[in-house]
Protein chains: 4
Amino acid sequence: MSTQNPVFIPGPTNIPDRLRRAIDVPTIDHRSSLFAEAFRPAVDGVKRILKTRTGEVIIFPATGTGGWEAAITNTLSPGDKVLAARHGMFSHRWIDLCTRHGLDVEVIEADWGEGLPADRFEAALTADTGHRIKAVLATHNETATGVRSDIAAVRKALDAARHPALLYVDGVSSIASMDFRMDEWGVDLAVTGSQKGFMLPAGLAIIGISPKAQAAMEKARCARCFFDFRDMLSSYQRGGYPYTPPINLIFGLVESVKMLEQEGLPNVFARHFRIAEGIRKAVEAWGLTLCARDPRLYSNTVSAIVVPSGLDGTKVVTHAAEKFGVAFGVGLGEVAGKVFRIGHLGSMTDVMALSGIATAEMVMADLDFPVPLGSGVRAAQDYYRATNGVAHRVTSKAA
Amino acid sequence: MSTQNPVFIPGPTNIPDRLRRAIDVPTIDHRSSLFAEAFRPAVDGVKRILKTRTGEVIIFPATGTGGWEAAITNTLSPGDKVLAARHGMFSHRWIDLCTRHGLDVEVIEADWGEGLPADRFEAALTADTGHRIKAVLATHNETATGVRSDIAAVRKALDAARHPALLYVDGVSSIASMDFRMDEWGVDLAVTGSQKGFMLPAGLAIIGISPKAQAAMEKARCARCFFDFRDMLSSYQRGGYPYTPPINLIFGLVESVKMLEQEGLPNVFARHFRIAEGIRKAVEAWGLTLCARDPRLYSNTVSAIVVPSGLDGTKVVTHAAEKFGVAFGVGLGEVAGKVFRIGHLGSMTDVMALSGIATAEMVMADLDFPVPLGSGVRAAQDYYRATNGVAHRVTSKAA
Amino acid sequence: MSTQNPVFIPGPTNIPDRLRRAIDVPTIDHRSSLFAEAFRPAVDGVKRILKTRTGEVIIFPATGTGGWEAAITNTLSPGDKVLAARHGMFSHRWIDLCTRHGLDVEVIEADWGEGLPADRFEAALTADTGHRIKAVLATHNETATGVRSDIAAVRKALDAARHPALLYVDGVSSIASMDFRMDEWGVDLAVTGSQKGFMLPAGLAIIGISPKAQAAMEKARCARCFFDFRDMLSSYQRGGYPYTPPINLIFGLVESVKMLEQEGLPNVFARHFRIAEGIRKAVEAWGLTLCARDPRLYSNTVSAIVVPSGLDGTKVVTHAAEKFGVAFGVGLGEVAGKVFRIGHLGSMTDVMALSGIATAEMVMADLDFPVPLGSGVRAAQDYYRATNGVAHRVTSKAA
Amino acid sequence: MSTQNPVFIPGPTNIPDRLRRAIDVPTIDHRSSLFAEAFRPAVDGVKRILKTRTGEVIIFPATGTGGWEAAITNTLSPGDKVLAARHGMFSHRWIDLCTRHGLDVEVIEADWGEGLPADRFEAALTADTGHRIKAVLATHNETATGVRSDIAAVRKALDAARHPALLYVDGVSSIASMDFRMDEWGVDLAVTGSQKGFMLPAGLAIIGISPKAQAAMEKARCARCFFDFRDMLSSYQRGGYPYTPPINLIFGLVESVKMLEQEGLPNVFARHFRIAEGIRKAVEAWGLTLCARDPRLYSNTVSAIVVPSGLDGTKVVTHAAEKFGVAFGVGLGEVAGKVFRIGHLGSMTDVMALSGIATAEMVMADLDFPVPLGSGVRAAQDYYRATNGVAHRVTSKAA
């Protein structure tokens, strides 16, 4: 596997040189002011990316899965009822995690390729007159299907049902690449990691916590220690951690936020839309479709492409890796073999995307897919050259 | 705070350039064979460092605290009885972690500065005729007091009591710097991290698991998901992780093991003894004593130095940082203010150690400690020049 | 200008991560054995790349231009006659350098796009019955025109004329990417740099010197000191340099040779042919031609593409840089504006090449060149997918 | 040889992490605005370090020796008379370089350990009524002897003699570590490199050129091409180089100037004085003396320490390297064996210096020098702790 070509997995993303350098630091004393001074901007920067003024941010040395666990165990108690939809591998895994922690999950099954069913959430919440449901879990961007759901609609469902449950959002593969509005959407727990929109190596679980979630923290009886918000928040007061912090990734996070803000968040989102849209033009030119059922659901960070019936999406991925040294994502769970995925989040340009599209075409040709070489590239080129450098209005669809 | 001077905190250690480079890698696909091929040597290498042939090794993206939690939650159930000694901050914290996970900890209080009381362990285990005690927790090296305990003696206590409890050892600040013999000592769960003897940044919790511990795993009912050994072991079969692995640190771990084995583990241990011994010569020349009560307890990775009565050890640390840009460790918990600590583990030479000793002397002179400038340096120089390059017999004391 | 996209300039090339790490080293004492031990493999490795057993290799902290100067001033005297062909910007500059050092250059003018005229060399050498010509200068690969000449033919011309002149070859943009046979071709002075086939940053002038050239060195009266071979060779005996050596690039050179030899030189050359050939397929599909007049002259490291009459090649380059963050090369000298160049030497894959081709198409479309989007990409894809992984017979044409 | 310990050679210096990162960059197009934008601040920054407003700065991919050659060949013609003093290895080598370029050097021999004899310069210049002397060469800091000379005095000698010769100053091991005032001292050609006060790897020859030197450039007839100022200055107009520039070191130079100016040049000079003074206190405590004859000549970047009669200074260096992995400098030329040198320029702290002093003591004890262990350390500690953090008046002696 070459390390010269860009990767097209839906995270970890390609790491910009600037971030490679930012994390390549010698050991500093994590109890020193040098660390404390670096750490505060990391926390404050993430708040701006999450668009929260009232929430707190906690950063664990872990991954997104650890972030899910921290969000759950710090705010719920065994036996608590949780409402969640399963419409992809990552929503599925989050449900599984809840179950293992002794929660009682009411699962709304939805098709893989569909978004969060806000109407069914509303129905379930309205029916829950006793307010036994303590938490609603929402996957902002289903990495497995390339589906971005409407979190504002989930919030509306809660409000319409006048339900006090906390809203938990998995923003692992959306935050910092697509718009996320923690305060506006009334998100109580927002979870992400370092290796997606923040363009760093894996190793940080990043969690936004609303005041309401902080209040819940005091009563939660799920066992936790490594992931205990309370230890973390009290250590934060002293500029540090209850244990050894992931110093170099924290430095990287500060620099990552700087990069995102120098580009400007609206521009970052517009760029992701633009790159994704070019890939979608290519998919259309190939005569193929996305797993995501509706353009309103199209993710700007990952595209899951449905392969023609009788063909195997997983072979696309292994062939691309073995022959061309290019990494795409396989289909997972229910869509295993039925799709292959092109990740286009984080550090990505239209030029890089074109090499991914061109590679996919060569692979499909090798595997006798009915896809003409160059067809998708041409469609994407046409779109990219028309839109590169053009200031985009980031519509709700685009962002 | 300068980043030119070495750090003398008891971890994270100074990172060798070779490891800086090893972890500075671009993104690779963690589901590719490239990762799988890097991962297997990491696991196998750690086994050799732990000296286990029968055990398994699991590596989480977390820290040593996460390693404690993983060890506990994967092998025990809420309400299980655990036997532990409290004789320093880290043994204290581990006990606290157990309590939070609903375990019933029988605590043997020992003086901070004492080693593990194997005789009292034996008494407690012998008294536990019903074998309610499921786990014995032992801190190999108390980082807070600079005390290395005799794990073989704890094993003997278990054996003498014919007790089936699992033996858990915190080797965070000992493993890879001081001898550790997982199989020979009958250790069931060995916990360490990346940022100590392995000389890497923090970010890996590394756990050795005996076959007996693996058997216990199946019955353990503590809630866990992120830290679940079972997910990890089944993913290992496929060369990967149940979630995004900490790729760059895994690459670093492979290189770290290579460095340790190129130097030769006996030489690594002898070097740590030698550097530590020079520091102890300096302490003696200063007319001061170590927190560790007995030479047999002296740690070769960290020295906690008792400051003269009426003086403040914490000031040594803040003054060294502010005036000289040198990081030492403060006293924690019961010994807060009473000691300051010199970390000398991982990547350290006698020449580096001398600059730490010289700095400590300047600081103490500034703070009106009754310590003559140059006295400790001279004692250490004398020892270092006599022993550098001399092949050491690594006696049980030394290793 | 983005640093995410590959560069397509004809050097410096994209630097592989492995070489980025190899040159990122702390200061070591250049008079120590550590340096001497690193240096010897660098020299020996370059000899293998040059395919010389009898020659010596000298490495200056300079660039290829410095290498030309060193070759000339160490072996010739002011007033000496030199025979050279001018058929591109780099052969032109070398002639200029000779003139500035007081040499009497007999220039054979050839069309830019033509190769070295071995027949006219032979005629001139045969006519020089008094052997006033001391040196024949040959540019192996004219970076300005993308023309690779036949050095063996030049040697034959010398031999046919029974002429004792030294043969100087500029292999700056050929060596380590295309076959070079110093001993077999009877090259007396071979010049290259670090930033082309060796894939490192600029900073090394690398020179191969035949025994005959070493003999000439003793009589040469051109002034030199920094570039004096004699100082260098006598310092080499002691494992070092007459002044501070470029330590980190020397470490990089050792690693570069390792990479080249792990891939295998025939495979390196075949890869360059394959990537170049795909680009040539694209050019053909565009309906355009190369500056190089004949397929036998096609360079495998750089392609100079003639733009349609009335259009401006330089605009391609500036537009690509400004709009897409992609670097191509402009036309120089006689072909300024008439061509644009795609560099494809050093660290390059077919996937990377496709992104360059795709970018060129978008740029040409923007500039209203009569080139259909996707046409070149498709031709290159077709070729790349047919040939990737296929063992190539490296024919004389290919190598 | 360990790379963990600091180096104490008089260049290349220890490289700060910040500069390691600054030079670790991917390839960018050196003809792009990205390079042009980085390059201008490098040139302007060096001007501020040299304290010139009227001069120009040229940066070659070479070393200090190349800088000497460039200064000479661009401003003089074969046969020109040059006045120079020989009082150490580096002044000797510069004289040798001039001779090889056909210059007629009038050498004033001075003791190695003495400074530049301004009075004898004045006498020679006054005697040269026909103004045959075109150049006066002055070595600001003789790296071989640790002697810093008074350049202002040399300028006064020229002025007193009303002599129009150009003043050339070798500031390789002084500039950016000790005060240098190009305009005020009337320096016409100032030469330095990247690997000393600028704390970068070797690879840049940096030259300051007064307007008078630029005028001389037009008439100079020494042969040059790679080092031709004219090509360089005309390329500068277009933001680039006549050949491939040393891109990564240029980026490093920009960052180096930033570091120097953030610390503040007066503070940089005061720090070098302070560190050097501590080493001198140690030498005094050892009962040894410096090669430099007079405190006014003491260099703040390197100390050459005279070893007791009958002992061998070179052994100190080899023993330190072999046993302790610490690099000092040997004596060169006339003082070979008679001295060993401690380099303390560039990136150096008092704490690092103490480890060098302590190592030297161990080595001398091993070699049976009559030097008590700890004696020099104590003297340096005493001085360092008294002066660290104290704002220094940088007296003429100090700076």
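Bear in mind the structure is a predicted one, so any value in this text is a computation, not a measurement.

Draft legend 1. Fine view of the overall build of chain A. Scanning chain A from terminus to terminus reveals 13 helices and 13 strands. Dimensions of chain A, computed from C-alpha atoms along their principal axes, come out at roughly 60 × 55 × 40 Å.

Draft legend 2. A look at the interface of chain A and chain B. Each side of the interface is counted separately: chain A has 44 residues, and chain B has 43 residues. Those elements that provide at least two residues to the side of chain A that touches chain B are α3 (64-73), α4 (89-100) and α9 (247-263) of chain A. For the side of chain A that touches chain B, the element with the most residues is α3 of chain A, which contributes four residues. Among the residues making up the side of chain A that touches chain B, the classes are represented as 23 nonpolar, 16 polar and five charged.

Draft legend 3. Here's a closer look at the UniProt feature "binding site: substrate" (unreviewed entry) in chain A. Residue and element names in this part refer to chain A. Feature annotation in UniProt places "binding site: substrate" (unreviewed entry) on R341, given in this structure's numbering. In this structure, R341 sits in strand β13 (residues 339-343). Each residue touching R341, except ones within four places of it in the same chain, is listed here: P10, G146, V302, S303, A304, F328 and G329.

Draft legend 4. Here's a closer look at the relation of the copies chain A and chain D. Rotating chain A by 180° and translating it 0.0 Å along the rotation axis places it on chain D, where the RMSD comes to 0.0 Å. In the structure described here, the two chain copies are related by an operation that fits a two-fold rotation axis. Ranked by how close their C-alpha atoms come to the rotation axis, the residues of chain A are headed by R21 of chain A, at 2.9 Å. Counting the interface residues of chain A, we find that 100% of their copies in chain D are interface residues as well, pointing to one common contact surface.

Draft legend 5. Seen up close, the interface of chain A and chain D. Taken together, the contacts link five residues of chain A with five residues of chain D. The class makeup of the residues in the side of chain A that touches chain D is two nonpolar, no polar and three charged.

Draft legend 6. Up close: the relation of the copies chain A and chain B. You can overlay chain A on chain B at an RMSD of 0.0 Å; the transform is a turn of 180° with a shift of 0.0 Å along its axis. Same-surface contact between copies: 98% of interface residues of chain A are shared with the interface of chain B.

Draft legend 7. Seen up close, the UniProt feature "modified residue: N6-(pyridoxal phosphate)lysine" (unreviewed entry) in chain A. Residues and elements named next belong to chain A. Using the residue numbers shown here, the UniProt feature "modified residue: N6-(pyridoxal phosphate)lysine" (unreviewed entry) corresponds to K196. Within the fold, K196 resides in the loop between β8 (189-193) and β9 (205-209). Residue K196 is classed as buried on the basis of its C-beta count, with 30 C-beta atoms lying within 10 Å. For K196, the residues in contact, after removing those within four places along its chain, are G11, T13, V172, S173, S177, L345 and G346.

Draft legend 8. Structural context of helix α9 (residues 247-263) of chain B. Residue and element names in this part refer to chain B. Across its 17 residues, α9 extends 25 Å between first and last C-alpha, which sits within 8% of the 24 Å expected from 1.5 Å per residue. For α9, the full list of buried residues reads I247, N248, L249, I250, F251, G252, L253, V254, E255, S256, V257 and L260. For α9, the secondary structure elements touched by its buried residues are α1 (17-23), α2 (33-50), β1 (56-60) and α10 (265-285). Downstream of α9 by one or two residues, G264 has phi in the positive range, about 95°.

Draft legend 9. Region of the structure containing the nonpolar core. Judged by nonpolar contacts, the single largest core of 587 residues is most densely connected at V136 of chain A, V136 of chain B, V136 of chain C together with V136 of chain D. When sequence neighbours within four positions are dropped, the list of residues in contact with V136 of chain D reads L83, F121, V154, L158, A165, L167 and Y168 of chain D.

Draft legend 10. Structural detail: the environment of P370 of chain B. Take P370 of chain B: it is sitting in the loop between α12 (350-366) and α13 (375-387). In sequence terms P370 of chain B and V306 of chain B are 64 residues apart; their C-alpha atoms lie 13 Å from each other.

Draft legend 11. Here's a closer look at the domain arrangement of chain A. All names here are of chain A. Parsing chain A into structural domains produces domain 1 (17-261) and domain 2 (264-387). Domain 1 and domain 2 are separated by 28 Å when their C-alpha centres are compared. In this complex, domain 1 contributes 23 residues to the contact, which on the side of domain 2 involves 25 residues. Those elements giving two or more residues to the side of domain 1 that touches domain 2 turn out to be α4, β6 (147-148) and α9. Of the residues in the side of domain 1 that touches domain 2, the class split is seven nonpolar, 11 polar and five charged.

Draft legend 12. Seen up close, the pairing of strand β1 (residues 56-60) of chain A. Residue and element names in this part refer to chain A. Among the five residues that make up β1, four are buried, leaving the element largely enclosed by the rest of the structure. Pairing between β1 and β9: five bridges, direction antiparallel. Note on β9: the bridge partner recorded for V57 is G208.

Draft legend 13. Focus on the confidence of the model for chain A. Residue and element names in this part refer to chain A. Across chain A, the average pLDDT comes to 95, with 97% of residues at 70 or higher. A low-confidence stretch, residues 391-399 stays under pLDDT 50, and its non-local contacts, those more than four residues away or across chains, total 14 contacts. Prediction confidence for the complex, expressed as pTM and ipTM, is 0.96 and 0.95 respectively.

Draft legend 14. Spotlight on the sheet that holds strand β8 (residues 189-193) of chain B. Residues and elements named next belong to chain B. The seven strands are arranged β1-β9-β8-β7-β4-β2-β3 in an open sheet whose pairing can be described as mixed. The sheet is open, and its two edges are formed by β1 and β3 (104-109), each paired on a single side. Averaged over all adjacent pairs, the angle separating strand axes in this sheet is 20°, with direction ignored. As paired elements, strand β4 (residues 133-139) and strand β7 (residues 166-170) share five bridges and run parallel to each other. Paired with T139 across the strands is D170, a residue of β7. Packing against the sheet, helix α4 (residues 89-100) makes contact with β2 (81-86), β3, β4 and β7, and its axis sits at approximately 160° to β2.

Draft legend 15. Geometry of the packing of helix α10 (residues 265-285) of chain D against helix α12 (residues 350-366) of chain D. Residue and element names in this part refer to chain D. The N-to-C vectors of α10 and α12 enclose an angle of 25°; their axes lie 10 Å apart at closest approach. It follows that α10 is roughly parallel to α12 by the angle criterion. Here α10 and α12 pass one another in a crossing that is right-handed. Residues I275, G278, I279 and A282 of α10 pack against D350, A353 and I357 of α12. The residue inventory of the contact of α10 with α12, partitioned by class, reads five nonpolar, one polar and one charged.

Draft legend 16. Representation of unusual backbone geometry. With an omega of -5°, the peptide bond between G11 of chain A and P12 of chain A qualifies as cis. Here P12 of chain A shows up in the segment before α1 (17-23). One non-glycine residue, K51 of chain C, lies in the positive phi region at around 55°. The residue K51 of chain C is located in the loop between α2 (33-50) and β1 (56-60) in this model. Overall, K51 of chain C belongs to the partly exposed group, with 19 C-beta atoms counted inside 10 Å.

Draft legend 17. Expanded view of the pairing of strand β4 (residues 133-139) of chain A. Residue and element names in this part refer to chain A. Summarising burial for β4: seven of the seven residues are buried, a large majority. Pairing analysis gives four bridges linking strand β2 (residues 81-86) to β4, with the strands arranged parallel. In the strand pairing of β4, V82 is matched with A135.

Draft legend 18. Broad picture of the packing of helix α12 (residues 350-366) of chain C against helix α13 (residues 375-387) of chain C. Residue and element names in this part refer to chain C. Where α12 meets α13, the axes come as close as 9 Å, and the angle between the chain directions of the two elements is 165°. It follows that α12 is roughly antiparallel to α13 by the angle criterion. Crossing angle aside, the handedness with which α12 passes α13 is right-handed. On α13, the residues that touch D350, A353, L354, I357, A358 and E361 of α12 are G376, V377, A380, Q381 and Y384.

Draft legend 19. Quick look at the sheet that holds strand β11 (residues 302-306) of chain D. Residues and elements named next belong to chain D. With antiparallel pairing, four strands are arranged side by side in an open sheet as β10-β11-β13-β12. The open sheet has two free edges, formed respectively by β10 (289-290) and β12 (329-330), since each of these has just one partner strand. Sheet topology note: the β12/strand β13 (residues 339-343) ladder contains two bridges and is antiparallel. Looking across to β13, one finds that G329 is bridged to R341.

Draft legend 20. Expanded view of the environment of A285 of chain B. Residues and elements named next belong to chain B. Along the chain, the position of A285 falls in helix α10. Residue classification places A285 among the buried positions, given that 21 C-beta atoms sit within 10 Å. It is 39 Å that separates the C-alpha atoms of A285 and V136, two residues lying 149 residues apart in sequence. Setting aside chain neighbours within four positions, we find A285 in contact with S375, G376, R378 and A379.

Calculation criteria
- Residues numbered from 1 in each chain as written.
- Chains lettered and ligands numbered in written order.
- Predicted model: local features only at pLDDT ≥ 70, side-chain atom pairs only at ≥ 80, totals over all residues.
- Helix = DSSP H or I, 4+ residues; strand = E, 2+ residues; numbered from the N terminus.
- Contact = placed C-beta atoms within 7 Å.
- Nonpolar A, V, L, I, M, F, W, Y, C, P; charged D, E, K, R; others polar.
- UniProt positions renumbered as here; feature names shortened; annotations may be inferred.
- Least-squares fit on C-alpha atoms with pLDDT ≥ 70 in both.
- Buried ≥ 20, exposed ≤ 12 C-beta atoms within 10 Å, placed from the backbone.
- Expected span 1.5 Å × (residues − 1).
- Core = buried A, V, L, I, M, F, W, Y, C linked by C-beta atoms within 7 Å.
- Domains from an automatic or database assignment.
- Pairing = 2+ DSSP bridges.
- pLDDT = per-residue confidence, 0-100.
- Axes fitted to C-alpha atoms, helices over the stretch in contact; angles between N-to-C directions.
- Parallel < 35°, antiparallel > 145°, perpendicular 65-115°, else oblique.
- Left-handed = near helix turned anticlockwise from the far one by under 90°.

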